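Listed below are the residues making up each chain.
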Amino acid sequence: MRILEVKNLSIQFGGLRAVDDFNLSLGKDELVAIIGPNGAGKTTIFNMLTGIYRPTSGSIELEGESLVGLKPYQFAQRGISRTFQNIRLFSNASVIDNVKMAATMHSKDNLVSSLLRTRTMVKHERELDEKVMSLLEPLNLADKADLLAKNLPYGDQRRLELARALMTDPKILLLDEPVAGMITTEIEEMAELVVRIRKDFELSIILIEHHMNFVMPIADRVKVIDFGKTISEGTPDVVQKDPKVIEAYLGGGYQNANA
Amino acid sequence: MATILQYLVYGLQLGSVYALLALGYTMVYGIVGMINTAHGDFLMIGALGTYFIAKLFDSMSIDGTYPMLAVGCIILIATVMTGGIAVGVEAIAYRPLRNKPRMIALITAVGVSMFLTNFPRALPFIGPNPRPFPTLFTPKTFNVLGASITSTQIIMIVLAAVTMLALDRLVAKTKIGAQMRAVSMDKDAASLMGINIDKVISITFFIGGALAAVSGICYASVYPQVEVYMGSWLGNMSFVSAVLGGIGDIRGAMLGGFILGIAQIFATAINSTFGYAVGFIILIVILLVKPAGIMGKVTIEKV
Amino acid sequence: MKTTNAKTMHPLLRKFGPLLGCIVFYVVIMLLRKADIINGYYMQVMLFAGVNVLMTASLNLVNGFTGQFCIGHAGFMSLGAYGAAVITTMVFKSNSIPEAAQIPVFLLGLLCGGIVAAIVGALIGIPSLKLKGDYLAIVTLAFGEIVRALLRLIQPIGGARGMIGIPNYANFFWIMLFVVLTLWLLRNLIYSSYGRAFIAIRDNEIAADAMGINTTKYKIMSFCIAAFIAGVAGGLYAHVLSFIQPDSFGFVKSADYLVYLYAGGSGSLTGSVVGAVLLTILPEVLRFLATWRLVLYAIILIAVMLYRSEGLIGGKEVPFLRIKRSSLYEQPLFGRKKNGLSEE
Ligand SMILES: Nc1ncnc2c1ncn2[C@@H]1O[C@H](COP(=O)(O)OP(=O)(O)OP(=O)(O)O)[C@@H](O)[C@H]1O
Ligand SMILES: [Mg+2]
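Residues numbered from 1 in each chain as written. Chains lettered and ligands numbered in written order. Predicted model: local features only at pLDDT ≥ 70, side-chain atom pairs only at ≥ 80, totals over all residues. Heavy atoms only, no water.

Let's talk about the overall build of chain A
From N to C terminus, chain A includes ten helices and ten strands. Relative to its length of 259 residues, chain A is compact, with a C-alpha radius of gyration of 19 Å against a globular reference of 18 Å. For chain A, the spread of C-alpha atoms along the principal axes amounts to about 65 × 40 × 35 Å. Taking the contacts inside chain A whose residues are at least 6 apart along the sequence as the reference set, 69% of them involve residues at least 24 apart. (Helix = DSSP H or I, 4+ residues; strand = E, 2+ residues; numbered from the N terminus. Rg over C-alpha atoms; globule rule 2.2 N^0.38 Å. Contact = heavy atoms within 4.5 Å.)

So, in structure tokens, the structure goes:
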């Protein structure tokens, strides 16, 4: 069964049709990559898939339930989580709190027990703490748990975004340029991490990335967007050889396409 | 009918005071992004300053009226002085906080406002007592459809409208206007383009301060009394006007000022407390319908 | 997993130290009052300082921890003040309340005042919290002024002249009790999933939303809790001063609380306490300057904002108003077998 069905998704900003007729049928445990030149509309697709922008037309169905019109937090509560291209951490909170914040919707404590800080509430906090630490461990963030997020180095911030997204217990994870600005070794680590997460958490993943040598080995399927339109899709091999794709990238002055 | 018309005249008169003051609020907000709660006090400084400058010109007055030239000088000195004080306030108190959270600048503005009210109040030759404002213009009264309208009122209303138009053109057409727009959109980018941000902001504050002085003179000409507290509630009301019209928008400030002035006069006719509150009620109603004010545009934040 | 390290405070001290400190403080103050070292006037200033701590700390919840801009907080205070005063003075005719019933009536009044403020907080919060930043600020300002105008118009509660003859039940004991209780509850709240949700909204509303936090719900919640506390503080204020008037709760008062909050340092309860107490006392200390008092006050305020714009305390917390992660792993104090945490 397909977990996510997106049909004819379009959005208009004034005169600009930023995404035009986007379709996606995502299988369980599948990893689909979306690539395309700058300004193609990739992030905008994510924004629609997480309820931050409301599409002008089209439908989004998660396991048969239509999500269009819901608030972003409802998308998250139904199991779509994401990271942001321009990192959006809770910068004045500690690393561990950043991740705990993403567990807010799973919290079992009500207002009264929180105000009184009852024994059960403390116990829940402790359990949550341990759960978060076990998530931070494989991401190499455990020893930085008490640092403020804004004081982390860039690569750590990206991994923290990942940890935070995982904490919401998603069915589908959307990664927006997870290796942007990283160096080669970090990119390789991140590729391993994504593969591992996908397996351990049994997640479906949609990935936006410009680094072809990051995307191509791990993606099951690639969709290529240019000026809001899907110009090509298929397995990484097929897409890489598609003349339209090469055209779009070279036409846009993008050098990294065949790197 | 005649009474309604008469109220309308009063409304426009009060509205032009609000509008002139709101223009400064809106420009500062649009360009610097801060709510300058001390802006109302510039009005007070303008009016009080005029009072003292007029005192200096006393020897020229005949029967309590001044020759046109003297009036021109008095007004010019008062507006330039107020504009200068506004520039000084910005340079001393606001500029160092430009990159801090906006609430910090707001609190500083509260402090500045407190200073601007209490400093003259503490000075022995000014003090807290209200003073009669000198007659700068001897009004001629006209009768229109049973309502009386004075030349002062006409001057005020026309002055407000002309200033608004001039300011609108200034921002839209001139080089400094283009720089202002650039700074309001993106300070860093503007700075990279070689725009002197400090200068643009100083000019903005100067214009805002000068307009506040003009509006103070207008206000005191029709309600001829000046005191150190007059800036605070006038400031609040014109701030509401600016927001009502869509803060950051020059035409909006004008529109908001007149709407509020007229509404307040009519409401005051019913009950004076209600007259004060009506502005806030209109504000809330309008913001609930149009969250960015009448002329403001709601933008979707790019993510 | 990390356990308590040697440097953290002994759990017993951490748990009961503050309580002990409060009792000692109370006793010392009462002794000084008995000896007349603290005269009635100083006492009154201390009571107002306490009320101001409540107001500032609650404002901090909205502005400092949830990142919203409320600039009409005195509006909630006035609702609480009138709510409580109406209960004690008009419903129960203060001078005919028997001794024994005075305290319950007083507490009932405070509760009602708080509830009225919280309900009104929800009523204005629900439609207006969708407004962003400055516009929300302006609506709260407008709200405060409208409440003031309405109170002026209602004749049975004195109109513009205000209410007099409110019994002065709010003595040092009650003020201190409410301050300590409120700070404790707020601290607990901030270090819970609720507080984390507030802070997440403050730090990045879009990300908070995308992580499944119902931002509107939490914003309203923070707003209502703050309004409730402000209402109770208003009730206490009325029962300290015995006299309230709509015009005492205008924008000037709201601005005072903003000043206390940001001068003390927003996002820190310690900052609220320090800001409110210092700035309540400062004008009294400066009283010898007569008319120059507020001029100097203004200059000090501007200087603080310019040279220490993060506030005097700058986001730090004293240990008792903070909960460290390590304290989660403390052994329970009394008996009870080790709870959950196994070694290694
Ligand atoms: N809120 C908005 N209002 C107006 N235009 C927008 C908005 N959000 C996105 N756009 C426009 O939509 C287009 C697509 O932007 P998007 O961010 O989706 O590109 P992208 O494919 O993610 O590019 P990049 O690789 O640079 O991240 C751009 O032209 C952008 O300016
Ligand atoms: Mg993008």
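Re a nonpolar patch on the surface
On the surface, C:Val91, C:Phe92, C:Leu108, C:Leu111, C:Ile115, C:Ile119 and C:Leu123 cluster together into a nonpolar patch covering about 620 Å² of accessible area. Here the nonpolar patch takes five residues from helix H4 (residues 99-128) of chain C, the largest share from any one element. (Patch = residues over 30% accessible without salt bridge, like charges linked within 9 Å, V, L, I, M, F, W, Y side chains within 5 Å. Areas by Shrake-Rupley, 256 points an atom, 1.4 Å probe, with all protein chains shown as cover. Salt bridge = Lys/Arg side-chain N within 4 Å of Asp/Glu carboxyl O.)

Overview of the pattern of salt bridges
Residue and element names in this part refer to chain A. Applying the stated rule across the entire model yields 32 salt bridges over all chains. In this structure, Arg-221 engages Glu-30 in a salt bridge whose closest nitrogen and oxygen atoms are separated by 2.8 Å. Of the two residues, Arg-221 is situated in strand E9 (residues 221-226) and Glu-30 in the loop between strand E2 (16-27) and strand E3 (31-35); the sequence distance between them amounts to 191 residues. Each member of the pair, Arg-221 as well as Glu-30, is classed as buried. The closest approach of N and O atoms between Asp-200 and Arg-196, which form a salt bridge, is 3.7 Å. Of this pair, Asp-200 and Arg-196 both sit in helix H7 (residues 184-201), separated by four residues, roughly a single helical turn. Under the relative-accessibility criterion, Arg-196 is labelled partly exposed at 43%. (Buried < 20%, exposed > 50% of the residue type's maximum accessible area, 1.4 Å probe, protein only.)

Quick word on the packing of aromatic side chains
Two numbers describe a pair of aromatic rings. These are the distance of the centres and the angle of the planes. Inspection of every chain in the model, using the stated rule, returns 26 aromatic pairs over all chains. Seen in terms of ring centroids, C:Tyr41 and C:Tyr42 are 6.0 Å apart; in terms of plane orientation they differ by 45°. Their pairing is tilted. Each ring, one from C:Trp174 and one from C:Phe178, has its centre 6.5 Å from the other, and the planes form 40°; the classification is tilted. One end of the pair, C:Trp174, and the other, C:Phe178, are both in helix H6 (residues 172-190), four residues apart, so they sit about a helical turn from each other. Pair check on accessibility: C:Trp174 and C:Phe178 agree, each one buried. Counting every residue linked through ring pairs, the aromatic cluster contains C:Phe25, C:Tyr26, C:Phe106, C:Tyr169, C:Phe172, C:Phe173, C:Trp174 and C:Phe178. A cation sits over an aromatic face here: A:Arg88 above A:Phe84, 5.7 Å from the ring centre. (Phe/Tyr/Trp six-rings, centres within 6.5 Å; stacked < 30°, edge-to-face > 60°. Lys NZ or Arg CZ within 6 Å of the ring centre and 35° of its normal.)

Comments concerning the side chain of C:Ser272
Here C:Ser272 is to be found in helix H11 (residues 269-285). Ignoring sequence-local partners within four residues, the contact set of C:Ser272 consists of C:Thr56, C:Ala57, C:Asn60, C:Leu261 and C:Gly265.

Focus on the site of ligand 1
Around ligand 1, the surrounding shell holds 16 residues, and the nearest of these are A:Gly39, A:Lys42, A:Thr43, A:Thr44 and A:Gln85. In this structure, ligand 1 is bordered by residues of chains A and B. In the model, an oxygen atom of ligand 1 is placed 2.5 Å from a nitrogen or oxygen of the A:Thr44 side chain. Within the complex, the protein chains bury 77% of what would otherwise be the 640 Å² of accessible surface of ligand 1. Counting residues per element, the ones that place at least two in the shell around ligand 1 are E2 and helix H1 (42-49) of chain A. At three residues, the largest contribution of residues to the shell around ligand 1 is made by H1(A). Considered class by class, the residues forming the shell around ligand 1 number six nonpolar, seven polar and three charged. (Near = heavy atom within 4 Å. Polar contact = N/O pair within 3.5 Å; in protein donor to acceptor, adjacent residues only side chain to side chain. Nonpolar A, V, L, I, M, F, W, Y, C, P; charged D, E, K, R; others polar.)

Things to note about the nonpolar core
Core analysis: the largest hydrophobic core is formed by 294 residues, its most contacted members being A:Leu4, A:Leu136, A:Ile206, A:Phe214, C:Leu236 and C:Ile244. With 16 residues, helix H9 (residues 215-241) of chain C is the single largest residue contributor to this core. Excluding residues that lie within four positions of it along the chain, C:Leu236 makes contacts with C:Val51, C:Leu54, C:Phe106, C:Leu110, C:Ala170, C:Ile175 and C:Phe178. (Core = buried A, V, L, I, M, F, W, Y, C linked by side-chain atoms within 4.5 Å.)

Section: the interface of chain C and chain A
Listed per partner, the contact involves 37 residues of chain C and 44 residues of chain A. When the two sides are added together, the surface that chain C and chain A hide from each other amounts to roughly 3600 Å², 59% of it contributed by carbon and sulfur. The interface formed by chain C and chain A holds three salt bridges in total. Of the charged contacts, one joins A:Glu125 and C:Arg196 as a salt bridge, the two residues approaching to 3.0 Å between their closest N and O atoms. For the pair chain C and chain A, the number of links is 15 residue pairs in polar contact (both at pLDDT 80 or more). Where the side of chain C that touches chain A is concerned, the elements lending two or more residues are H6, helix H7 (193-203), helix H8 (205-210) and H9 of chain C. In terms of residues, the side of chain C that touches chain A owes the most to one element, H7(C), which gives eight residues. Looking at the side of chain C that touches chain A, its residues break down into 22 nonpolar, seven polar and eight charged. (Buried area = accessible area lost by both parts, 1.4 Å probe.)

Section: the pairing of strand E1 (residues 2-13) of chain A
Residues and elements named next belong to chain A. Direction of pairing for E1 relative to E2: antiparallel, over a ladder of eight bridges. Across the sheet, residue Arg-2 finds its bridge partner in E2, namely Gly-27. Where E1 folds back on E2, the antiparallel hairpin that results is connected by two residues, among which Gly-14 adopts a positive phi of roughly 55°. As paired elements, E1 and strand E4 (residues 57-62) share five bridges and run antiparallel to each other. (Pairing = 2+ DSSP bridges.)

Here we look at the coordination of the magnesium ion (ligand 2)
All names here are of chain A. At this site the magnesium ion (ligand 2) is bound by Thr-43 (OG1) and Gln-85 (OE1), with donor distances of 1.8 to 2.1 Å. Remark: Gln-85 occurs in the loop between strand E6 (80-82) and helix H3 (95-101) and Thr-43 occurs in helix H1; sequence separation between them is 42 residues. Thr-43 gets classed as buried once you look at its relative accessible area, which sits at 16%. What makes Gln-85 partly exposed here is its relative accessible area of 31%. (Donors = N, O, S within 2.8 Å, 3.2 Å for Na, K, Ca; no water.)

Here's the deal with the pairing of strand E10 (residues 229-234) of chain A
Note on strand geometry: in a regular strand, side chains alternate between the two faces of the sheet. Sheet analysis places E9(A) next to E10(A), joined by five bridges and oriented antiparallel. Residue A:Asp226 lies in a different strand from E10(A), and its bridge partner there is A:Lys229.

Thoughts on the interface of chain B and chain A
Frequently, the measure chosen for interface size is the accessible area removed from exposure when the parts meet. Chain B puts four residues into the contact, and the matching count from chain A is eight residues. Summing both sides of the interface, chain B and chain A together bury roughly 450 Å²; the carbon and sulfur share of this comes to 58%. Ranking the residues of chain B by area buried against chain A places B:Ile300, B:Glu301 and B:Val303 at the top, with a combined share of 92%. The interface formed by chain B and chain A holds zero residue pairs in polar contact (both at pLDDT 80 or more) in total. Grouping the amino acids of the side of chain B that touches chain A by side-chain chemistry returns two nonpolar, no polar and two charged.

Quick notes on helix H4 (residues 102-122) of chain B
For H4(B), spanning 21 residues, the distance from its first C-alpha to its last is 30 Å, which sits close to the expected 30 Å at 1.5 Å a residue. For H4(B), the tally of buried residues reaches 17 of 21 residues, placing the bulk of the element in the interior. (Expected span 1.5 Å × (residues − 1).)

Regarding helix H3 (residues 73-91) of chain C
All names here are of chain C. In this model H3 runs 26 Å from its N-terminal to its C-terminal C-alpha over 19 residues, within 8% of the 27 Å that 1.5 Å per residue would give. At Ala-85, H3 is bent by approximately 25°, the largest bend along its length. In the stretch just after H3, Lys-93 is the one whose phi turns positive, near 40°. (Bend = angle between axes of the 7 residues up to and from the residue.)

A look at unusual backbone geometry
All names here are of chain A. Notably, Arg-117 is not glycine yet its phi reads approximately 50°, a positive angle. By secondary structure assignment, the location of Arg-117 is in the loop between helix H4 (111-116) and helix H5 (119-136). Although it is not a glycine, Glu-202 sits at a positive phi angle of roughly 50°. Checked against the element boundaries, Glu-202 lands in the loop between H7 and strand E8 (204-208).

Comments concerning empty space enclosed by the protein
With the rule as written, the count across this model stands at five cavities of 30 Å³ or more. By volume, the second largest cavity amounts to about 80 Å³. Within the residue set of the lining of the second largest cavity, elements represented by two or more residues are H4 of chain B together with helix H5 (133-153) of chain C. Examining the composition of the lining of the second largest cavity, we find that three residues originate from one element, H4(B), more than from any other. Residues of the lining of the second largest cavity, tallied by class, amount to seven nonpolar, one polar and two charged. (1 Å grid on protein atoms, 1.4 Å probe; cavity = no way out; pocket = protein on both sides within 12 Å on 5 of 7 lines; lining within 4 Å. Points joined across faces, edges and corners; volume = space filled by probe spheres on them.)

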